[in-house]
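Report on the structure
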Amino acid sequence: MTGVRSFPVCCYCGACAAFIPFEKYREEEVVFDKGCGGTASKGFCFSFCPRSFAACRLCEGDCPKMEVCDFSPRASSLERRILGHYKEIISARAREESVRGAGQDGGAVTAMLCEALEKGFIDAAVVAVRTEDWKAEPFVATTPEEVLRGAGSKYTACPSVLGVWEAIDRGYENIAMVGTGCSVEAVRRLQALHDPALELDRVKVLIGLFCTEAFRHRDLVAFLAERGIDVKEVRRFYVAKGKFTAVTKDGEYSIPAKELEPCVRDTCKICDDFAARLADVSAGSSGSPDGCTSLIIRTKAGEEFVSVSRGAIETEKLDDVGIKRIERLAFNKKMRNYGMMMDQMGICSACLTNPYFFTLQAGD
Ligand SMILES: Cc1cc2nc3c(=O)[nH]c(=O)nc-3n(C[C@H](O)[C@H](O)[C@H](O)COP(=O)(O)OP(=O)(O)OC[C@H]3O[C@@H](n4cnc5c(N)ncnc54)[C@H](O)[C@@H]3O)c2cc1C
Ligand code: SF4
Ligand code: SF4
């Protein structure tokens, strides 16, 4: 792409899509000949792009509201800081077998969204649907049937915040968004601007997914094709016990997840958020028995959402072994990506000094 600067940092959350002409999105990231909002400019986009790494990381800065903020880690133990602030961690699964079957793990996220819609707690849920070749796309679901269309994990990036803009534009008042930690962070940053024109008070609940990494779509498709798997034939992907598995009508193809390293998005290598720390409720398979979803309930909004949806899920408290497992995964991700984050920001990881936010990559 001659003449176009390509930054590896965009996590394709979709937050800037409302402000940057959409044709600038190419190959699952924002590329822009003068640099995108999250990297080169210090404009409006810089304040909310989850990749601008602005000085304020919401609850991690020296914020005067820390004592009262729901996310404040001040009174928390070290373990709590690793997972972010939370009130309770439970293990859950959908009551209905059909929802469990459609969902990725326990189907708890789908079940709760359906119930919250039926109870009128929310009037729209931004979920991720997939194209025939497994590209993830945001979708504004307003009925339980539509929520079910989004069930299951797509391991490529989804510009979920685009769905939030659409839901606001369509006039929904009580919106839920499901997304990876980066998309959740984008919404939190937008909310922190307190700009009434953005109408982000209509976002009532953010459900964040645990996330080790996401794959670049075209690389995943090519990776599978090299192994004789047509992505269009895949019915489901799952990751368990270090293996990545594609399920087709002919059977299952499993490989060590490590072999997919070349497909991992660059931006995920500078990400330190495993447990979607800024969500109202975070969800993932880790920590829970097979067929269940771990739910980290973090905020009052998260508590209300789970309480309203309780009829649709079976729950039990997650034991210490499960919680420790999530903490270990979160800690490992931080440790693994810390050096790359510092490099990317042009900060020396030893002395933590350097004024430059981003070092452009070779070929910029
Ligand atoms: C890229 C990615 C990486 C993940 N990595 C881990 C991990 O390392 N460890 C772990 O424990 N869990 C991980 N998860 C979460 C896990 O796969 C399940 O989503 C979670 O356990 C919830 O299960 P469930 O059965 O309750 O969800 P479901 O009931 O199936 O609901 C899942 C919801 O997530 C939405 N969704 C699916 N894919 C995406 C996407 N790409 N972007 C935004 N929304 C999406 C769906 O539309 C649906 O609303 C990851 C998920 C994703 C998308
Ligand atoms: S990370 Fe999100 S806000 Fe930042 S450039 Fe990419 S799509 Fe835009
Ligand atoms: S690893 Fe981080 S940047 Fe990558 S998809 Fe997950 S939350 Fe987003």
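To keep things clear, this report deals only with the structure shown in the data block. Computed from a predicted model, the values in this text were never measured in an experiment. (Residues numbered from 1 in each chain as written. Chains lettered and ligands numbered in written order. Predicted model: local features only at pLDDT ≥ 70, side-chain atom pairs only at ≥ 80, totals over all residues.)

**Describing the sheet that holds strand 3 (residues 88-94)**
Rule in force here: Two strands qualify as a pair provided that DSSP identifies no fewer than 2 bridges between them. Under the scheme used here, helices are H or I runs from DSSP no shorter than 4 residues and strands are E runs no shorter than 2 residues, and both carry numbers assigned from the N terminus. A fitted line through C-alpha atoms represents every axis, and for helices the fit uses only the stretch in contact; the resulting angles, taken between N-to-C directions, go from 0 to 180 degrees. We call two residues in contact whenever the C-beta atoms placed from their backbones are within 7 Å.
Spatial ordering of the open sheet is given by 5-4-6-7-11-12-3-13, a layout of eight strands whose pairing is mixed. The two strands at the open ends of the sheet, each matched to only one other strand, are strand 5 (136-141) and strand 13 (313-317). On average, each strand axis in the sheet is tilted by 30 degrees relative to the strand beside it, whichever way the strands run. In terms of strand pairing, strand 7 (residues 203-209) meets strand 11 (residues 281-284) through three bridges, oriented parallel. By the bridge assignment, Leu 209 is partnered in strand 11 with Ala 283. Running at roughly 25 degrees to strand 5, helix 6 (residues 160-169) makes contact with strand 4 (124-130), strand 5, strand 6 (175-180) and strand 7 of the sheet. Lying on the sheet, helix 7 (residues 181-192) is in contact with strand 6 and strand 7; it crosses strand 6 at an angle near 135 degrees.

**Description of the site of ligand 1**
As a reminder of what qualifies: Defining nearness, a residue is near a molecule or strand when the C-beta atom obtained from its backbone falls within 6 Å of it.
Inspection of the region around ligand 1 gives 32 residues, with Gly 103, Thr 110, Val 127, Gly 150 and Gly 284 positioned closest. The set of elements that each furnish at least two residues to the shell around ligand 1 consists of helix 4 (108-118), strand 4, strand 6 and strand 11.

**A few points about the sheet that holds strand 8 (residues 234-240)**
Here three strands make up an open sheet; going across it, the order is 8-9-10 and the pairing antiparallel. In this open sheet, the two edge strands, each paired with only one partner strand, are strand 8 and strand 10 (251-256). For this sheet the average axis-to-axis angle between neighbouring strands, irrespective of direction, equals 20 degrees.

**Quick look at the environment of Lys 269**
Among the structural elements, Lys 269 can be located in the loop between strand 10 and strand 11. Note: C-alpha distance between Lys 269 and Val 9 (260 residues apart in sequence) is 9.1 Å. Residues within four places of Lys 269 in sequence aside, it is in contact with Val 264, Asn 337 and Met 340.

**Focus on the packing of helix 4 against helix 9 (residues 300-309)**
A pair of packed helices is captured by two measures, namely the crossing angle of their axes and the spacing between those axes. Going by this rule: Reported orientations rely on four angle classes, namely roughly parallel under 35 degrees, roughly antiparallel over 145, roughly perpendicular from 65 to 115, and oblique for the rest. Residues are grouped as follows: Ala, Val, Leu, Ile, Met, Phe, Trp, Tyr, Cys and Pro are nonpolar; Asp, Glu, Lys and Arg are charged; every other residue, Gly included, is polar.
Direction vectors running N to C along helix 4 and helix 9 enclose 85 degrees, while the axes themselves pass 8 Å from each other. Taken together, the axes of helix 4 and helix 9 lie roughly perpendicular to each other. For the pair helix 4 and helix 9, contact is made by Met 112, Glu 115 and Ala 116 and by Phe 305, Val 306, Val 308 and Ser 309, respectively. Of the residues belonging to the contact of helix 4 with helix 9, the class tally is five nonpolar, one polar and one charged.

**Focus on helix 4**
Applied cut-off: Exposure classification rests on a simple neighbour count of other C-beta atoms within 10 Å of a residue's own: a residue reaching 20 or more is buried, one at 12 or fewer is exposed, and one in between is partly exposed. C-beta atoms are placed from the backbone.
Counting buried positions along helix 4 gives ten out of eleven residues, so the element sits mostly inside the fold. Those residues of helix 4 lying buried are Ala 108, Val 109, Thr 110, Ala 111, Met 112, Leu 113, Cys 114, Glu 115, Ala 116 and Leu 117. Just downstream of helix 4, Gly 120 is the residue with a positive phi angle, here 80 degrees.

**Focus: the packing of helix 6 against helix 7**
The interhelical angle for the contact between helix 6 and helix 7, taken along N-to-C directions, is 45 degrees, at an axis separation of 9 Å. Judged by the angle between their axes, helix 6 and helix 7 are oblique. In this structure, helix 6 contributes Ser 160, Val 161 and Val 164 to the contact, and helix 7 contributes Ser 183, Ala 186 and Val 187. Grouping the constituent residues of the contact of helix 6 with helix 7 by class yields four nonpolar, two polar and no charged.

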